[in-house]
Each structure stands twice: as structure tokens, then as C-alpha cells.
Amino acid sequence: MTAQHDPRRPTEPADPPYPPEPWDLCGTGAITTWRVPVAALPGLPSGVRAAEVRGTALVTTAFVRYDHRGLMAYDELLAAVVVRHGRGLALSITDIWVDSETSVAGGRGLWGIPKDLATFGEQYAETADGPIASASFSSRRAPALRLPLPLRGSVVQTLDGRTVASPIRAGGTVRPATARWDLATDGPLAWLRRARPVTSLLARDFSMRFGS
């Protein structure tokens with residue numbers, strides 16, 4: 001006999017298809033900071049404005065490879081704007097791609113981070129619609145710098161129609177680098193083609209806790 005559902009008994013919600021926060025991640029990263037005309041920036045969450053100076057804002061782009069020392073292993077490409085939120089500074093992620101469906105679901109469901117899927121090579125990302133970006137990095141002859149532990153900040157996004165700030169903590173070692181980026185002319189990061197790179201770093205080994 002087939003068991004039937006009793007309509008008077010509430011159905012228990014299914015567990016979300018991603019781990020709860022916080023996420024503890026480890027990996028390597030290749031990072032560039034840019035000066036971008038404020039007029040070229042994508043939209044930001046309500047109540048958040050770019051931390052501009054003389055009509056330009058700071059934007060960080062990064063290729064990141066998280067490995068199995070952390071909660072999950074996946075590749076990532078992101079662009080984030082330095083913003084003013086309340087009395088302090090924060091980051092707001094405007095564009096981000098990963099090669100993990102779990103990371104997409106968790107980023108969107110937990111923090112309002114607009115993750116999409118992409119295919120990755122060595123510091124290269126593309127979607128079914130075409131290339132997004134590629135980059136090449138080389139270390140400079142300079143000593144590595146250990147980040148203060150922990151380096152604290154927040155990411156401000158739109159979640160369920162509200163502007164929310166999520167804490168992040170990171171630590172590790174970075175080294176100055178030179179970088180060359182190739183941004184697809186008709187790709188989703190084409191707005192950065194008007195930007196001027198300021199500095200680049202290689203994080204050979206870092207750890208990060210995302211969320212509370």
C-alpha cells in the first residue's frame with residue numbers, strides 16, 4: 001500500500017543544496033586593482049555608493065582557485081567595487097563566476113552574491129556566450145608580505161530585496177606582481193576596458209572565512 005501525505009501535517013522544508021555559513025576556504029589568487037570612471041560602474045545595492053575620488057572608483061578583479069584544504073574546491077573570477085557603507089568601506093561584488101553549482105547556490109542564497117557558472121582554464125574564464133577574461137601574472141623581485149591576521153572586512157550585496165553586509169576574514173602571504181588582462185570586448189566585463197590598472201598581487205597561499 002502506498003503511503004499518502006496527510007495534508008494536516010506540515011511538510012518539513014528540504015535542506016538547502018549548499019553548506020551553511022561560514023565558509024572556510026583556502027587557495028591561491030591573482031588580484032588586480034583598477035581605477036574606473038564612476039560613470040562606467042555597474043549598479044550597486046541600495047544605500048551604497050562607490051568610494052570615489054575625483055570621479056574615479058577602485059575596483060578589484062581576481063582569479064581565485066580554492067582547493068581541498070577548505071570547505072570546497074572551485075575556480076572563481078570576480079569584480080568588486082570599493083564602496084562606502086555606513087561609516088566605513090566595504091566591497092560590493094558586481095560580477096562573479098565559478099565552476100561549482102554548489103557555490104552558485106550558496107553565494108546567492110546566503111549572501112546575495114550574483115554568482116554564475118563559467119568554464120575555467122589557467123586564469124581564463126568563459127561562458128556559453130563566449131570569453132569573459134584572461135590574465136597573465138608574474139611575480140616582481142620584491143619580498144612577500146604577510147597580511148595582518150586576520151584582515152577583516154565586509155561584502156555588501158542585495159539579498160531578498162534588502163542591502164546586507166556579510167563579514168569576511170582573510171590571511172596569508174602576498175607578493176607584488178605585474179599583470180596583463182585581456183577583457184572580451186563584447187563580454188560582461190567590457191566596462192573595465194575604460195579602467196586603468198593600479199597594482200597587482202599574487203596570493204600564493206591564503207585562507208578566508210566568509211559569512212558569520
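One can find the structure itself at the top, above this paragraph.
First, a word on scope: everything that follows refers to the structure included in this document. (Residues numbered from 1 in each chain as written. Predicted model: local features only at pLDDT ≥ 70, side-chain atom pairs only at ≥ 80, totals over all residues. Heavy atoms only, no water.)

For the rest of this paragraph, the subject is the side chain of threonine 61. Relative to the helices and strands, threonine 61 resides in strand S3 (residues 56-66). Engagement of the side chain of threonine 61 in a polar contact is seen with the side chain of tryptophan 34, the distance being 2.8 Å. Setting aside anything within four residues of it in sequence, one finds threonine 61 in contact with Ala30, Ile31, Thr32, Trp34, Leu78, Ala79, Trp181 and Leu192. (Helix = DSSP H or I, 4+ residues; strand = E, 2+ residues; numbered from the N terminus. Polar contact = N/O pair within 3.5 Å; in protein donor to acceptor, adjacent residues only side chain to side chain. Contact = heavy atoms within 4.5 Å.)

Two strands pair when backbone bridges link them, and strand S11 (residues 151-159) and strand S12 (residues 162-183) are joined in this way by nine bridges, in the antiparallel orientation. Note that in S12 the partner of leucine 151 across the bridge is alanine 170. Taking the residues between adjacent antiparallel strands as the criterion, S11 and S12 are bridged by two residues, where aspartate 160 takes a positive phi near 55°. (Pairing = 2+ DSSP bridges.)

Counting through the fold element by element, serine 92 comes out in strand S5 (residues 88-98). Classification of serine 92 by relative accessible area gives buried; the value is 1%. (Buried < 20%, exposed > 50% of the residue type's maximum accessible area, 1.4 Å probe, protein only.)

Note that glycine 106 resides in helix H1 (residues 101-111). Glycine 106 sits 87 residues away from proline 19 along the chain, and the two C-alpha atoms are 7.2 Å apart. The residues contacting glycine 106, other than those within four sequence positions of it, are Tyr18, Trp23 and Trp111.

Here we take up the nonpolar core. By size, the foremost hydrophobic cluster in this structure holds 32 residues, and its most contacted members are Val36, Leu77, Trp181, Leu189 and Leu192. Secondary structure elements with two or more residues in this core: strand S1 (23-37), S3, strand S4 (74-85), S5, strand S9 (130-139) and S12. With sequence-adjacent residues up to four places away left out, tryptophan 181 is seen in contact with Thr32, Trp34, Thr61, Ala62, Phe63, Leu77, Ala133, Ser134, Ala135 and Phe137. Trp23, Tyr66, Val174 and Phe210 belong to the second largest nonpolar core, which has 24 residues in total. (Core = buried A, V, L, I, M, F, W, Y, C linked by side-chain atoms within 4.5 Å.)

Okay, the pattern of salt bridges next. Under the counting rule described, the total for this entry stands at six salt bridges. Aspartate 67 is the partner of arginine 69 in a salt bridge, and the nearest nitrogen-oxygen pair spans 2.9 Å. When the shortest N-O distance is used, the salt bridge between arginine 108 and aspartate 116 registers 3.0 Å. Here aspartate 116 falls in the partly exposed class, since its relative accessible area comes to 37%. Counted as one network, the salt bridges with shared partners bring together Arg65, Asp75 and Glu122. (Salt bridge = Lys/Arg side-chain N within 4 Å of Asp/Glu carboxyl O.)

A separate point is the environment of leucine 151. Within the secondary structure layout, leucine 151 lies in strand S11. Considering only alpha carbons, one finds leucine 151 and isoleucine 168, 17 residues apart in sequence, at a separation of 8.2 Å. Once residues lying within four places of it in the same chain are set aside, the contact partners of leucine 151 are Ile168, Arg169 and Ala170.

If you walk through the whole model with that rule in mind, you get seven aromatic pairs. Seen from their ring centres, tryptophan 23 and tryptophan 111 are 5.0 Å apart, and the 80° between their planes marks the pair as edge-to-face. Of this pair, tryptophan 23 sits in strand S1 while tryptophan 111 sits in helix H1; the two residues are 88 residues apart in sequence, bridging distant segments of the chain. The class for tryptophan 23 is buried, based on a relative accessible area of 1%. Between the aromatic rings of tryptophan 34 and tryptophan 181, the centroid separation amounts to 6.1 Å while the plane-to-plane angle is 65°, which identifies the pairing as edge-to-face. Pair noted here: tryptophan 34 is in strand S1 and tryptophan 181 is in strand S12, with a separation of 147 residues, a long-range link. By way of ring pairs, the aromatic residues Trp34, Phe63, Phe137 and Trp181 are connected into one cluster. (Phe/Tyr/Trp six-rings, centres within 6.5 Å; stacked < 30°, edge-to-face > 60°.)

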